[in-house]
Amino acid sequence: MTEKRKELFKTVGYNILSLIGVGILWTLFSHWQHSPFFPTLTAIWKAFVGLVEHGDVEQIGLGAHIWASLVRIFAGFAAACLLGIPLGLALGLKPKLYNRTRAILEPVRFIPPIAWIPMAIVLLVGFSRYVFLIWLGAFFPIFITTLMSVTRVNPIHVNVAKVFGAPRSYIIWKIVIPSVLPDIATGMRVGLGIAWMCIVAAEMIGGEMMGVGRLILKYAELIRMPEIIVGMLVIGIIGFFMNEVFIIVERWIFRWRSEVSID
Amino acid sequence: MKRTAKWSVLALAVTFALILGLQSPANAQEKEIRFGYLVADQLHSPAVMIMKEKKMLEAAGFKVAWREFLAGSYLMQDFASGQIDFGSLGAVPVLITRGQGVDVVILASANTEGSSIVVKDSIKTAKDLNGKSLGTPGIGSIQDALVDMVARKENIKILHKHMKVSDMPLFLKKGEIDGFIAWAPHPARAVDLGYGHELFTSHDLLPDHQCCVVVTKGAMLKNDPETVKKVMNVYLRACEWYQANRDEAIAMMVQKTGMKEEVIREALKTVKNPFPPYCNVPSLKFQAEGLVEGGKIQKDVITNMDDFIKQTYHPEILETALEKK
């Protein structure tokens, strides 16, 4: 067994052990509390099975809720990437333009998506409303990371290209973009995490019957903790797997980066 | 290093003491209570609005922390976490919460009826609601239960879309829903704006149904009945004030809701505030049975419905307060 494989087994093993540890602590605490507001793992499992087999109180299945949220997240996230990356690149390459528009861009960054909800209700309809709020959450991490990474491109690489008479388009396509891609990927990963955080806020608006956020809110109204925890775990687990897939793809695309390691 | 640690601990202690010192000292004579109520619910709970506006509880020696909630279910969530001592909200969220084992008890009625279904003009009858979407204030509300009742009665399927009551007229106007059910005055406002017409009032669906109620903690009723009695006395005075000063109360409602007086007066036609404010027990029972049937209260929780209602509704304090009068 190679060292790398041994390390992988160790990592997976420790993660499983941590999960078991948390499970044991949860069980002890729930038995000690003996409260419907701190359900046992069995109650959570039963709620999960119930949601899968029979759906929620309105007979909407867990799969339908997950699918509705995933579609909204992907649409909002895609919109954030489509606008955030080109805009970040453009403003990074034209720092003067960024400095002259900072007064618009920077304050908007600090307005949380939830504060946009009243405007979104009035100006947008249905699906576009969710996409807008998720876009708002995911856009700025992607945009800012792209923008900042452009300013950090190694000037030696750019200057060497200039000395050899490389045109601006060559410098952008062959030096700047390859240099900033790993940072953009990191920004996208952060943006994806925030997109998941925004989904509950977006689905709080109401007007739609499905979505994991909606499911959590429905059961919050009925004060049924096991189903609420199922919804929370679903978000956490899907987010975790999406993040892992992202990391794997990122590692594969930018494998040249991992060739140099400090440890 | 030790010195730095000492100074850090001292700095922390000073900061903590300062924070404590900045809290306003409570008057030893004042009993502090936390009272939850619903946003734009002045028409259903006029006595609570009056108690708040006229500072009646404060005059009776209470220091009151008023807390506003978007819907009854949110109020109940805070109640379950021990953040609220008294509240005014729909009976349905109370029954659901009680069904979850939360120590909440009903003391008195705030109103009966008072909700309406407003739909777009193309919908003329209950049957037309088949396959249509109606906005409701949430799965744990009396209004949501009333929509279920219409669907069961007419053997049709109605899609429930949950949202804030104040957003409902806008959603209807934008065509995102085919209608909505809400507490007064929101239906009357939508009709006044020309967004739709009233299909049913809750009187048509379930005459004299219990709507909003005043609640407290069972533990408070047991351990501190004097406080509960005092609050109920003030509540009764506020109810009487409402009966005697209707126009002034309406002016308050106009100011609080920001709606036109004629809308408020029109909306009030659908609301009943019976006095003395006893709850409609058969209606509470009927609603609880509907909640069990709809899966909103788990079946195994309630073994005997009469016992469940008896444990939930405690009119004794109200009776005592009325006898005193």
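A.B. asks: Is there a simple way to think about the overall build of chain A in this case?
C.D. replies: Check the secondary structure of chain A and you find 11 helices and zero strands. Taking the principal axes of the C-alpha coordinates as reference, chain A spans close to 70 × 60 × 30 Å. A buried classification covers 33% of the 263 residues belonging to chain A. The contacts in chain A between residues at least 6 apart in sequence include a share of 73% that link residues at least 24 apart.

A.B. asks: Which parts of the structure should I look at to understand the sheet that holds strand E7 (residues 133-136) of chain B?
C.D. replies: Backbone-to-backbone hydrogen bonds pair the strands of a sheet. The strands run either parallel or antiparallel. Residue and element names in this part refer to chain B. Taken in spatial order, the five strands make up an open sheet running E8-E7-E9-E6-E10, and their pairing is mixed. A single partner strand is all that each edge strand has here, and the edge strands are strand E8 (159-162) and strand E10 (197-201). Each strand of the sheet is rotated relative to its neighbour by a mean of 30°, with strand direction disregarded. Bridge count between E7 and strand E9 (residues 179-183): two bridges; the pairing is parallel. Residue pairing for E9: Leu-134 is matched across the bridge by Gly-179. Sitting on the sheet, helix H6 (residues 142-154) touches strand E6 (115-119), E7, E8 and E9, and the angle it makes with E9 is about 135°.

A.B. asks: Quick question: what am I supposed to make of the confidence of the model for chain A here?
C.D. replies: Do not read the fine detail of predicted coordinates wherever pLDDT is low. Of the residues in chain A, 97% have a pLDDT of 70 or more, and the chain-wide mean is 90. Within chain A, the element-level pLDDT minimum falls on helix H11 (residues 255-258) of chain A, averaging 70, and the maximum on helix H3 (residues 62-93) of chain A, averaging 95.

A.B. asks: Sorry if this is basic, but what is going on with helix H1 (residues 3-33) of chain A here?
C.D. replies: Residue and element names in this part refer to chain A. Under the 1.5 Å per step criterion, the end-to-end length of H1 is 44 Å for 31 residues, consistent within 8% with the ideal 45 Å. With respect to burial, H1 is a largely exposed element, only zero of its 31 residues being buried. The positive-phi residue at the C-terminal boundary of H1 is His-34, with phi of around 50°.

A.B. asks: Sorry if this is basic, but what is going on with the pairing of E8(B) here?
C.D. replies: Working note: regular strand, side chains alternate between the two faces of the sheet. Side chains B:His160 and B:His162 of E8(B) all project onto a buried face; the interleaved residues B:Leu159 and B:Lys161 project onto a face where none is buried. Crossover handedness for the path E7(B) to H6(B) to E8(B): right-handed.

A.B. asks: Explain the interface of chain A and chain B to me, please; I cannot follow it from the model alone.
C.D. replies: Where the parts come together, the accessible area they lose is often given as the size of the interface. Counting residues at the interface gives 18 residues for chain A, matched by 26 residues for chain B. At the level of elements, helix H5 (117-123) and helix H9 (212-221) of chain A are the ones that each hand at least two residues to the side of chain A that touches chain B. A per-class count over the side of chain A that touches chain B returns 10 nonpolar, three polar and five charged.

A.B. asks: I would appreciate a short explanation of unusual backbone geometry in the present structure.
C.D. replies: What you tend to see is this: most non-glycine residues have negative phi, and most peptide bonds are trans. Residues and elements named next belong to chain B. Here the amide bond leading from Ala-184 into Pro-185 is cis, since omega sits at 15°, within 30 degrees of zero. Assignment of secondary structure puts Pro-185 in the loop between E9 and helix H8 (186-192). Each neighbour pair has its own omega, and for Phe-275 with Pro-276 the value is 0°, a cis peptide bond. Along the chain, Pro-276 falls in the loop between strand E12 (271-272) and helix H14 (281-293). Even without being glycine, Glu-113 reaches a positive phi, approximately 55°. Of note, Glu-113 is situated in strand E5 (residues 112-113). Of note, Asn-155 is a non-glycine position whose phi angle comes to about 55°, a positive value. Following the sequence through the fold, Asn-155 ends up in the loop between H6 and E8.

The rules behind the values
- Residues numbered from 1 in each chain as written.
- Chains lettered and ligands numbered in written order.
- Predicted model: local features only at pLDDT ≥ 70, side-chain atom pairs only at ≥ 80, totals over all residues.
- Helix = DSSP H or I, 4+ residues; strand = E, 2+ residues; numbered from the N terminus.
- Buried ≥ 20, exposed ≤ 12 C-beta atoms within 10 Å, placed from the backbone.
- Contact = placed C-beta atoms within 7 Å.
- Pairing = 2+ DSSP bridges.
- Axes fitted to C-alpha atoms, helices over the stretch in contact; angles between N-to-C directions.
- pLDDT = per-residue confidence, 0-100.
- Expected span 1.5 Å × (residues − 1).
- Right-handed = clockwise from strand over helix to strand, strands pointing away.
- Nonpolar A, V, L, I, M, F, W, Y, C, P; charged D, E, K, R; others polar.

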